[in-house]
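# Observations on the model geometry
Given next are the chains, with one letter for each unit.
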Amino acid sequence: MDQGKHILFRHRDIANLRDLDVYLAHGGFEAFKKAVTTLTPQQVIDEVKNAGLRGRGGAGFPTGLKWSFLTKDSFPRYVVINSDESEPGTFKDREILTHNPFQFLEGAMITAYASQANTIYNYVRGEYWDVVAGLERCVAQLYERGFLGEKLFGTEFKLDFFHHRGAGAYICGEESALLESIEGKLGQPRLKPPFPADKGLYAKPTVVNNTETVTNVPFIIQHGAAAYRQNGTEKSPGTKLFCLSGHIQKPGNVELPLGTTLRELIYTHGGGIRGGKGFKAVMLSGASSVVLKVDDALLDTPLDYESVAAKGAMLGSASVIVLDETVDLSWVILKTTRFFKHESCGKCTPCREGTFWMLSILERINQGGAAKADVDLLQNVASQIQNKCLCPLGEFSVTPVLASLKTFRGDFDARTTDGAPKAAPKSAPKKAAVEAGD
Amino acid sequence: MADQVTLTIDGVSVSVPKGTLIVDAAKRIDNDIPVFCYHPKLKPVGMCRMCLVEVGRVMKDRATGQVVLDDAGQPKVGFGPKLETACTTPVEPGMVVVGASQKVTDARDDILEFLLTSHPLDCPVCDKGGECPLQNLTLRHGPGKSRFVYDEKQKNDKHVPLGGPDDALIFLDRERCIQCARCTRFCDEIADDHVLGFYQRGRKIEIATFSEPGFDSKFSGNTTDICPVGALTTADFRFGARPWELTTSASICNHCPVGCNTTFSTRREAKSGGKQVIKRVLPRQNEQVNEVWICDKGRFGYHFIESPARLTAPLVRKDGKLVEATWDEALTRVAETFKAAGSALVGLAGGRLSNEDLFAFKQAVSGVGGKALLDAPLAGGDLTTVVGVSAGVNSGAGTDLGQIGKGTAILVVASDLEEEAPLWWLRVKAAAERGATLIVANARPTKTDRYAKHVVRYDVGNAVSTLAGMLLEGSSDYATAFAQAENALVFYGREGLDFAGTQALAQACANLLIETKHVGRAQNGLIGVWTTANAQGAAELGLTTTPASPAVLAAARAAWFVGTDPLGDGRLTRKDLPPFTVVQELFLTDTAKAADVVLPAAAWAEREGTYTSGERRVQRFYPAVPAPGATRPDCQIAAEIGKAMGATRFGGFPAQVFLEIARTVPAFAGLNYAAVSKVAPQWPDVGGRDQYYGGASTTNLQGLGVQLPSAAERGTVPQAARAEAPALAHPVGTLLVLPIAKLYDRGATFAPSTLVHPRVPAPFVAINPADAARIGLADGDEAELALDADTVLVVAKVTADAPEGVLLLPVGLGVATPEGPAPARVAKSARVAA
Ligand SMILES: Cc1cc2nc3c(=O)[nH]c(=O)nc-3n(C[C@H](O)[C@H](O)[C@H](O)COP(=O)(O)O)c2cc1C
Ligand code: SF4
Ligand code: SF4
Ligand code: SF4
Ligand code: FES
């Protein structure tokens, strides 16, 4: 992709794009106006379907299709934007919301028009309180300039926009827990079905989309599906934001066409492995990743939804965590498991109890108190959780565990002793507790 | 049938209604799928993951939607890669469910092992031990040995009072909790008391109450029955006994007219001097009455029977003093004097007596020409016997609130159902949720309003005219809704009415039902929200309701008070009593203290008998514990007095009296104890072989009762009659006191349950903010309430729930209350707070 021509990160090309006048001067809100004044909601949906846009929140579900699932003739409807961004290693939505807020807002507003919704809630990660303050100012400007409110562009279409801040729970990124949270309830996932498109927010038909997903929409409406398909692959069109972290020379976000190889991502755009060390493993979708052992075949894998799936992993939100040769996987898995244990909502038994148990075993392993059999036990407990959880979080928690045990079992075994298992110390010192995030 | 779905579960074919969940379908064929979070009365949540099964579905061609057939021409069934929760998955035609496979057994073993990793395993000291779903399922699915390092267990709080340390009725053990959310869902979905919830998350998630006082619900005890572990226990029973030491006996709650079916758990214990004592009260399933619930008054309000203040021997007045006497001496004196009094004998009985008691009493009194009356404040028994809810003699099924939904109108007038008959409140609410049209008419808001399609607010004193107004064509949308409903029920109470007012209101309600043709059919009729358990029985047996008053006793030469204390209530004074007064009672009440002869009665839990509920269901109760001292059942005492007077000839055993009732009272024709004790399978099948499906609620093996046919069903043609209430006197410058009922009061049969005392409010008046501002009263102020000549001190509660110009004054809190609305003045107390 031409580095001067971002689609999502246009603020990297245009200075002060977060200024409404600058945004308007660069064609801002023309897509929204075009949609509201010249297209039917169905035409907008069709265009997005033709563009082949897929959800950037993790699952890669076709966006236009999702919009078309809304229960017919049931109103009011809601559009809810998922800006919870809590997956470890993910920080792309933050850059959009901070530096290119109007393009995001415009995308959300077109989504609302296509869904025939008159209300948008943007659910933002609690720690992004400063980002929300900025967004609130942008929204106020849009009301002032007549882009939000009643009778937009002289039509009957009206639209309101609200922000809702999370309170620090990863599970509230899961769409149904997110909806519960907006409703003022405890953030726990709902049973599905019914799906949000049928009974979402306040039991009304609701579209839930990721921030990045909707930020693609103004381009699609303004330039058409074909232009959008200039980037990416047949099944995974468009560009994607990749979040680079870990032992990488140049950590940060980068926007690249889907299908860019891992090699190009790491070595061309990320500047290679920090300190020129060997590249041991990679996690492509944050803490929930299948940990992949790096070899040439993997480096040549195009990063699109299908190719990554073919490797037995998920592209997810493309939160690429680079692990160099110094890394001990048993330590990495301690970290991911601690995260999931901390974030388990507690609603269902296998995740609530299983993550707690896995963490106990991993703490033993990492503190040298584990017996050989403990590694098998870990594998056992992880398999015991698998496929029994109420929501994907519990399933995510075992993904890196089982993958690492398969590929890097030696890292775990090396830390065990021949003795009987010894319980990890209970009252961890203060510092450790802070590190654990408890 | 079109709406039936046929599927196969572990090789057995079963047909169930569309929408049925797999777990319930399996239960229909006695296939017990283990559950923890699922409860057949609650919405499924799929949290515990214990009910995992393999589910195969008929395969369909994606493109054509056609069923794919195998070589044999049978629909192909495809199994998904994952197990599914039987408690959240509805059945589908041709579905194949496998629960008996190794894969499923392994999965359940896995879940159970997970649950045990955080469980304290303190079964030896746990109240639930012995009747615990987790314990039972551990025996089936649990690992023999723990793989979890014991020292890594998370420690959580035990003995957490859900409320203050002194007022908690329910205690929580956080280590035992398995986070199934049955308790929270019960509160949210069934009771509509949003007072319990989860706090924190993950392994730290815990149950917390956030009401003031804690766990503020009249139904809190039910959560201890459905909690699948020993996490929730009652302050009454915890550490009281082990379940396997307990003997059960069936009973009927006698605190209100609902007639909830209950079970007493009793045991003989050294602590109680080797006596058989009641350890707890549990609901007994009766889907037509109380389902599997009871209220906390029914659960905790039995302690009066073990009160040391109970009368245990007959007392006779000698030299101005009441002294112990033999039964012979006492009964001879009573019978002789009553017989001599003849038509100048007035008998007043309370509505808490059983059918047998009331009948024997009535026969004895009327046998010598005296007047036998029911001493109660709510009239209309003469109407509910005629147009009361019907037994459906012609349709097979009787009146059952549990079956009511769309097409039925329910009118609740002048009653606060939640306070007066809690289970009716639950049932009416559920009916409204199922689509019944609920109309609530009252002078002030009550909790029932929440579910009302129409809230009708009238001025105090206008209940009767409001009801009468419903008969005018097209007078209001609610009147039209009521008239056009296929079925209609009316619950009427006495709020804002004196006795004459209640007579008029009952008549107005009856008129409405008659004119709109809602009588003589099942699911239709009039229900009195009586103040006692058996006022309906009294009416069926022909007792006239007349509240005790000086006028009633004016010409009397002898009076017989059975289970009623008009002196204690302030309705009579000593000077109103005739020359000879007999009191038959549990306690030495104020009336008893003034009597010439006091006869000690056995409490209902100490004998057998029957009650007739407000829904006209005759239900049997059984003896649970021995009667103390020389006490005797009321019916036996009455029968002996009757015999001694030559007025009656039947024996005094309850069963004998009941046969006499069946022989002589048309509504009871053909009944006997065997008929009343019949049971039939009920759905949901709780308390069966497994304890996890429905909770600890005990199976009903002792009788579902029999609904009496109303007179309208037996051929009487009901007639509308004039209904007009006397006008209210309301001098200018006064406020109107409106007596209201509270479930928790200081009544003689509730006060000995000291555990509930902190939940009984101090005497208060509720006053509208506008009135309070004018008078200069602030919320919580001590106020002087001047009623007639009396001035009493009460707490002022400033609330918009009190209409302007009206003071709500709870009955039974130790402050004498007028019979109906009465003028009063209120002012800030001059007394300086200590
Ligand atoms: C545990 C969990 C956490 C999630 N966190 C996020 C998140 O932070 N942001 C997000 O957009 N989607 C997240 N998702 C995915 C959402 O549930 C949902 O699929 C997504 O918001 C849909 O938007 P899209 O179709 O635009 O991708 C999460 C899912 C799970 C199971
Ligand atoms: S899998 Fe974990 S996060 Fe999801 S519902 Fe169960 S406990 Fe909650
Ligand atoms: S207290 Fe009992 S009913 Fe409530 S969540 Fe815990 S285990 Fe379930
Ligand atoms: S609702 Fe009435 S009958 Fe039922 S338990 Fe409560 S007081 Fe007893
Ligand atoms: S998940 Fe089905 S019973 Fe709990």
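My aim in this report is to walk through the structure given alongside it, one point at a time. None of these values were measured; they are calculated from a predicted model. (Residues numbered from 1 in each chain as written. Chains lettered and ligands numbered in written order. Predicted model: local features only at pLDDT ≥ 70, side-chain atom pairs only at ≥ 80, totals over all residues. Heavy atoms only, no water.)

Quick look at the environment of B:Phe750 now. With respect to the helices and strands, B:Phe750 occurs in the loop between β31 (735-740) and β32 (764-767). Sequence-wise, B:Phe750 and B:Lys297 are 453 residues apart; in three dimensions their C-alpha atoms are separated by 7.9 Å. (Helix = DSSP H or I, 4+ residues; strand = E, 2+ residues; numbered from the N terminus.)

Regular strands show a simple pattern: their side chains alternate between the two faces of the sheet. All names here are of chain B. Summarising burial for strand β19 (residues 408-413): 6 of the 6 residues are buried, a large majority. Burial along β19 is two-sided: Thr408, Ile410 and Val412 and Ala409, Leu411 and Val413, pointing in opposite directions, are all buried. Pairing of β19 with strand β22 (residues 487-492), which is carried by 6 bridges, proceeds in the parallel orientation. Its bridge partner being in β22, Ala409 is matched across the sheet by Ala488. Here β19 pairs with strand β20 (residues 437-442) via 5 bridges, running parallel. By the bridge assignment, Ile410 is partnered in β20 with Leu438. (Buried < 20%, exposed > 50% of the residue type's maximum accessible area, 1.4 Å probe, protein only. Pairing = 2+ DSSP bridges.)

Turning to unusual backbone geometry, a few remarks are in order. The phi angle of most residues is negative, glycine excepted, and most peptide bonds adopt the trans form. For the bond from A:Phe75 to A:Pro76, the omega torsion is -5°, close enough to zero to count as cis. Within the secondary structure, A:Pro76 is located in the loop between α4 (63-68) and β1 (78-83). Residue B:Pro213 follows B:Glu212 across a cis peptide bond; omega there is -5°. As for its position among the elements, B:Pro213 is in the loop between β10 (206-209) and α5 (222-226). Look at A:Asn387: it is not a glycine, yet its phi comes out positive at around 70°. Within the secondary structure layout, A:Asn387 lies in the loop between α16 (373-385) and α17 (392-407). For A:Asn387, a relative accessible area of 37% puts it in the partly exposed group. The phi angle at B:Gln523 is positive, at roughly 65°, despite the residue not being glycine.

Taken together, the side chains of A:Phe61, A:Leu65 and A:Phe69 make up a nonpolar region of the molecular surface, amounting to roughly 260 Å² of accessible area. The residue A:Leu65 is located in helix α4 in this model. (Patch = residues over 30% accessible without salt bridge, like charges linked within 9 Å, V, L, I, M, F, W, Y side chains within 5 Å. Areas by Shrake-Rupley, 256 points an atom, 1.4 Å probe, with all protein chains shown as cover. Salt bridge = Lys/Arg side-chain N within 4 Å of Asp/Glu carboxyl O.)

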